[in-house]
Number of protein chains: 2
Amino acid sequence: MIQPQSVGAVVPQRAHFAEPLPLRSGDALPEYELLYETYGELNAARSNAVLVCHALSGSHHVAGHYADDPGNIGWWDNLVGPGKPLDTRKFFVIGVNNLGGCHGTTGPASINPASGKPWGADFPFVTVEDWVAAQARLADRLGIERFAAVVGGSLGGMQALSWTLQYPERIGHAVLVASAPRLTAQNIAFNEVARQAILSDPDFHGGHYYEHGVVPARGLKLARMLGHITYLSDDAMADKFGRTLRHGKAVYSYDVEFEIESYLRYQGDKFAGFFDANTYLLTTKALDYFDPAFEHGGILRAALARASADFLVVSFSTDWRFSPARSREIVYSLLHNRRNVSYAEIESDAGHDSFLLDDAHYHELLAAYFDRIEV
Amino acid sequence: MIQPQSVGAVVPQRAHFAEPLPLRSGDALPEYELLYETYGELNAARSNAVLVCHALSGSHHVAGHYADDPGNIGWWDNLVGPGKPLDTRKFFVIGVNNLGGCHGTTGPASINPASGKPWGADFPFVTVEDWVAAQARLADRLGIERFAAVVGGSLGGMQALSWTLQYPERIGHAVLVASAPRLTAQNIAFNEVARQAILSDPDFHGGHYYEHGVVPARGLKLARMLGHITYLSDDAMADKFGRTLRHGKAVYSYDVEFEIESYLRYQGDKFAGFFDANTYLLTTKALDYFDPAFEHGGILRAALARASADFLVVSFSTDWRFSPARSREIVYSLLHNRRNVSYAEIESDAGHDSFLLDDAHYHELLAAYFDRIEV
């Protein structure tokens, strides 16, 4: 045992792919770049690589910080590093920014080679399966034939699940945290309201706002405020904010009265200041579309028959965005196929956000699971 | 027993109040009109009056239809009429449109006598307590000293609860359906997103859009779409829409793909076509502010000590907007004060919307309760 440490200063790397990527939509990306980071060392047998897949607002920056921006800490830094649950003394960990993103990987703000202008709304729809295909090409480039594990929370968990179906021979373990096998109607409904907020913002300009020198900040702010409601549990919101009034009493105005309003507005404004609205749209659509059971008559256990990886599935008791019942759907379908699957429902009052937090039970569980993976 | 019948064609009535109404905000309404409807006959003892309070999108039009608009049926027509649970052969039932509304009662679209122009955003904030005070003045006007019952669902239930605290001697029974003693942080959060959608719509013009000949339809549409998510249960959405694709497969566009998207857009557009955005804002604020426990250190049982009415409290199993736990808070606080309270949690998969629907158990329960009220 060592004291957990940071991976330290990291440098994003860039991989260019000149060969077109065929997409599930029938479209294709003519060429593209992926931004990625790595932590730890690839062993001689090339058997210790772990891919970390990000969710809606994540990126390739999973752990560590940047030398010129020490406050910019990776989004899963509490999980990845020497002595941490995903221990970089044992594993070679890769974070990659997905296609359509806004953190350096080719996306809507990139230049469309056909027009010489930003792709904007012409950027093709990308799916979880497309992301996984692009990740597999990056693995080829890095000389990784098989991942010891693919890990992800929320939408990242969907990518890990899709890895087991698209490339069953290339993944040893799939770790799915706070995830779901497909969205429900209610999940899609929340995404749809967020999309309409962006699409109906006059500054959206049909997705070509870059050329107008504006961003649909109003719509993006609303989308993020709404998202935050679904990331937190009812209880966590009650504990953290309750009915606390900023001025101790009602002041009868549309300015902030309750602290929860202040929190949501702050989160919304912050997000609208850096995130790309087209990426938000594309990502919510990727979430909506993901449904491995679709081509199997909606029967998940038929879809998962193709998987051969070992699984760890983790859910959180108060997560109502992707509730424990959604994780159990995956578990039951895997058990039906006699796959090795471990399942844990972690008691947590933090809702969906729990997968990003530093819960002792959760991290001990992950540490124990990663510890027993043979590389 | 008779076969349930409609109350038939009804005519809204109008009451003008020249005396200013002091409001909780410290402001006052200089004069105002209330639109109301009545069904049945007031008995000689004036002891059979029942007030029905409406929720966010309701109005005074509770039952029956209009002779010149036979398709315009009252919002609780399934409950009110001869032979129906709230039987107009026994009761004199009153529906009244609350202040700040957009169905004929004085509201933001009415003319501000001080300026000669529509009130718009200058319409004062109104609270549940203010609505109840205005309803009491209407009761005075109609010669009703005491209501046999005050009845409401959702925000309407909050008004019934407030009646028991503001005018305990003027109410025999309070019937609170799918209601809550105050909003949670999550409830306020949803309201806040809806408000921001309206407030940030460029067509809002600071609430004075009437003068610009536009309405903030984009914002109002978003608010209503979001509202509908909270009115339906997760299960009801899954049963009704699931992941059904309009075209049988993904078509990769921001047009409607999933049927749930079509439903929400339709509901949003319809609502934005007739409802007033300023009324929406005021009503969500009235919801946020309502908190009878506030002046009792947050202790609900202390606040409810003042009530002397008998209570019927009804909740629905899949209502996650105002869950059964919220109704039980009221029940426990009343029992603590040794009040007569009946409580029922109705099994229903329809979520919050259940209070408007024709569920047999629910309606039998209400019928039995109203039947035993002595007038």
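Residues numbered from 1 in each chain as written. Chains lettered and ligands numbered in written order. Predicted model: local features only at pLDDT ≥ 70, side-chain atom pairs only at ≥ 80, totals over all residues. Heavy atoms only, no water.

Draft legend 1. Just the overall build of chain A, in detail. A tally of regular secondary structure across chain A gives 10 helices and 14 strands. For a compact globule of 375 residues, the expected C-alpha radius of gyration is about 21 Å, and chain A comes in at 20 Å, within 12% of that figure. Its C-alpha atoms put chain A at 65 × 50 × 50 Å along the principal axes. For chain A, the proportion of its 375 residues judged to be buried stands at 61%. Considering only residue pairs separated by 6 or more positions, chain A has 72% of its internal contacts joining residues 24 or more positions apart. (Helix = DSSP H or I, 4+ residues; strand = E, 2+ residues; numbered from the N terminus. Rg over C-alpha atoms; globule rule 2.2 N^0.38 Å. Buried < 20%, exposed > 50% of the residue type's maximum accessible area, 1.4 Å probe, protein only. Contact = heavy atoms within 4.5 Å.)

Draft legend 2. Spatial organisation of the UniProt feature "active site" in chain A. All names here are of chain A. The UniProt entry lists Ser154, Asp319 and His352 under the feature "active site", expressed in the numbering used here. Their sequence span is 199 residues, while the largest C-alpha to C-alpha distance among them is just 10.7 Å; these annotated residues converge on one region. Along the chain, Ser154 falls in the loop between β11 (147-153) and α2 (155-166). Note that His352 resides in the loop between β14 (341-346) and α10 (360-371). Overall, the relative accessible area of 3% leaves His352 in the buried class. When sequence neighbours within four positions are dropped, the list of residues in contact with His352 reads Ser154, Ala178, Thr230, Tyr231, Asp319, Arg321 and Phe322. Only 2.8 Å separates the side chain of His352 from the side chain of Asp319, close enough to count as a polar contact. (UniProt positions renumbered as here; feature names shortened; annotations may be inferred. Polar contact = N/O pair within 3.5 Å; in protein donor to acceptor, adjacent residues only side chain to side chain.)

Draft legend 3. Inspection of the confidence of the model for chain A at higher detail. Overall, the prediction assigns chain A a mean pLDDT of 97, with 100% of residues at 70 or greater. For this predicted complex, the interface score ipTM comes out at 0.96, alongside a pTM of 0.97. (pLDDT = per-residue confidence, 0-100.)

Draft legend 4. Fine view of a negative patch on the surface. On the surface, a cluster of negative charge is made up of Asp234(A), Asp235(A), Asp239(A) and Asp349(A). With respect to the helices and strands, the residue Asp235(A) is situated in helix α5 (residues 234-240). (Patch = residues over 30% accessible without salt bridge, like charges linked within 9 Å, V, L, I, M, F, W, Y side chains within 5 Å. Areas by Shrake-Rupley, 256 points an atom, 1.4 Å probe, with all protein chains shown as cover. Salt bridge = Lys/Arg side-chain N within 4 Å of Asp/Glu carboxyl O. Lys, Arg positive; Asp, Glu negative; His and termini not counted. Charge placed at Lys NZ, Arg CZ, Asp CG, Glu CD.)

Draft legend 5. Quick peek at the sheet that holds β11(A). Residues and elements named next belong to chain A. The strand order β1-β4-β8-β5-β11-β12-β13-β14 describes an open sheet built from eight strands, whose pairing is mixed. The strands lining the two open edges of the sheet, one partner per strand, are β1 (13-17) and β14. Adjacent strand axes in the sheet meet at a mean angle of 20° when their direction is disregarded. Judged from the six bridges that link them, strand β13 (residues 310-316) and β14 form a sheet pairing that is parallel. Bridging across to β14, Val314 finds its partner in Ala344. The strands touched by helix α1 (residues 128-141) are β1, β4 (32-39), β5 (49-53), β8 (92-96) and β11; relative to β1, the strand with the most contacts, the crossing angle is about 105°. Sheet strands touched by helix α9 (residues 324-336): β12 (171-177), β13 and β14. Its angle to β14, the strand with the most contacts, is close to 165°. (Pairing = 2+ DSSP bridges. Axes fitted to C-alpha atoms, helices over the stretch in contact; angles between N-to-C directions.)

Draft legend 6. Inspection of the sheet that holds strand β14 (residues 341-346) of chain B at higher detail. Residues and elements named next belong to chain B. In space, the eight strands of this open sheet follow the order β1-β4-β8-β5-β11-β12-β13-β14, with mixed pairing throughout. Of all strands in the sheet, those with a lone pairing partner are β1 (13-17) and β14, marking the two edges. Neighbour-to-neighbour, the strand axes of this sheet turn through a mean angle of 20°, independent of strand direction. As judged from the five bridges shared by strand β12 (residues 171-177) and strand β13 (residues 310-316), these two strands associate in the parallel manner. Of the residues in β13, the one forming a bridge with Val177 is Val314. Here helix α2 (residues 155-166) sits on the sheet in contact with β5 (49-53), β11 (147-153), β12 and β13, set at roughly 145° to β11.

Draft legend 7. Up close: helix α4 (residues 217-231) of chain B. With 15 residues, α4(B) should reach 21 Å at 1.5 Å per residue; the first-to-last C-alpha distance of 21 Å fits that figure. Among the 15 residues that make up α4(B), 13 are buried, leaving the element largely enclosed by the rest of the structure. (Expected span 1.5 Å × (residues − 1).)

Draft legend 8. Local environment of the pattern of salt bridges. Counting across every chain of the model gives 42 salt bridges over all chains. Here Glu19(A) and Arg137(A) are joined by a salt bridge, their closest N and O atoms 3.9 Å apart. You can see Glu19(A) sitting in the loop between β1 and β2 (21-22) and its partner Arg137(A) sitting in helix α1, a full 118 residues away along the chain. By relative accessible area, Glu19(A) is classed as exposed at 53%. For Asp87(A), the salt bridge is made with Arg89(A), and the minimal N-O distance between the two is 2.7 Å. Accessibility expressed as a relative area gives 13% for Asp87(A), which makes it buried. Among the charged side chains, a network of salt bridges with common partners joins Glu192(A), Arg195(A), Asp288(A), Glu261(B) and Arg265(B).

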